[in-house]
Amino acid sequence: MIKDPDEIDKKYDKQIKIVLLGEVCTGKSSLINVYINKLFDEKITSTKTASFSKKIIQQKDKFYKLNIWDTAGQEKFRSLNQIFIKDSNIVIFTYDITRKSTFNELPWWIQYTESILGENAAVFGVIGNKLDLFDKEKEIKEKDEEAEFELVNSEDGKKFAEEINAEFLETSAKEGAPELEDFIYKLVEECIEKPEFGLRSEFVSLRGDEGKSTKNCC
């Protein structure tokens, strides 16, 4: 993996656009922060419109630049998300395992995404976040007696992911999401194996003699 930030826009073969979608406060920003910086920030705030991160990973003999978009979950910003969904190669849908309402909204996010990208145009992933709160109902209700606490069990999460042909992960950003790196690696692997990936002009190699194209996917 290339670790020098100054090299991140230079030494890669192809780029992949990833977008995270889901309701507000499902932990999208925290998941990205843990994945990019290996840090969990208690003070991280809800994303307004979107934020952007990037990372280089290696798959076999090639380097891939991941352009990662973190989108807003608030309803008033939803119409803006189509800008960030467009041309995505990987879409990760997130929910809070302690708030079933965030899980129940996932079909809407799927339909919205497919209305923009078309069916089977991107690799899908589903993440149930905040696993650290699994048995913390009493503590949560003590802080806010009106707080929602309705668990989504693993079986329902897995079943939903299977129905949309997505990879599934339950994790906790607060606890470092140790499985997240392998999860995204697998999504990237699926992405580069799709025949459509190699055909799209914005993903021509940016190395050597093939590095003449400057078209950006994101």
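Counting restarts for each chain: residues are numbered from 1 in the order of the written sequence. The predicted nature of this model means local features are confined to residues of pLDDT at least 70 and side-chain atom pairs, given and counted, to a pLDDT of 80 or more, with totals for whole chains, interfaces and linings taken over all residues. The side-chain values count all of the structure's non-hydrogen atoms but skip hydrogen atoms and water molecules.

So, about the overall build of the chain. Secondary structure elements are taken from DSSP: a helix is a run of H or I of four residues or more, a strand is a run of E of two residues or more, and numbering for both begins at the N terminus. The helix and strand tally for the chain stands at eight helices and six strands. Secondary structure elements of the chain occur, N-terminal to C-terminal, as β-α-β-β-α-β-α-α-β-α-α-β-α-α. It only takes one pair of heavy atoms within 4.5 Å for two residues to be counted as in contact. Put simply, 74% of the contacts in the chain that link residues at least 6 apart link residues at least 24 apart. Carbon and sulfur atoms form 47% of the exposed surface of the chain, whose accessible area is close to 11,800 Å². The Shrake-Rupley method, run with a 1.4 Å probe sphere, supplies the accessible areas, and residue values consider only the shown protein chains as cover.

With respect to the helices, strands and loops of the structure, A166 is situated in the loop between α6 (154–163) and β6 (167–170). A residue is classified by how much of its surface remains accessible, and A166, at 14% relative accessible area, is buried. As a C-alpha pair, A166 and I127 span 39 residues in sequence and 9.9 Å in three-dimensional space. Sequence-distant contacts of A166, defined by excluding residues within four places in its chain, comprise F124, G125, V126 and A161. Residue burial is assigned from relative accessible area. The probe radius is 1.4 Å, only protein chains are included, and a residue is buried under 20% of its type maximum, exposed over 50%, and partly exposed in between.

Take helix α7 (residues 180–193) next. For α7, built from 14 residues, the straight-helix expectation of 20 Å at 1.5 Å per residue is met to within 8% by its first-to-last C-alpha distance of 20 Å. Within the span of α7, buried status applies to L180, F183, I184, L187, V188 and C191. Buried residues of α7, seen end-on, are gathered within an arc of 135° and therefore sit on one face of the element. Structural note: α7 exposes D182 and E193 on the side pointing more than 90 degrees away from its buried face. Expected helix span is taken as 1.5 Å per residue step, with the number of steps being one fewer than the number of residues. Within this analysis, the arc is defined by the directions that extend from the helix axis to the C-beta atoms.

Moving on, we get to the side chain of T113. Counting through the fold element by element, T113 comes out in helix α4 (residues 106–117). Overall, T113 belongs to the buried group, its relative accessible area being 1%. When residues no more than four places from it in sequence are discounted, the contact partners of T113 are L21, I85, V91, F93, G118 and F124.

Everything listed is a geometric property; what it means functionally is a separate question.
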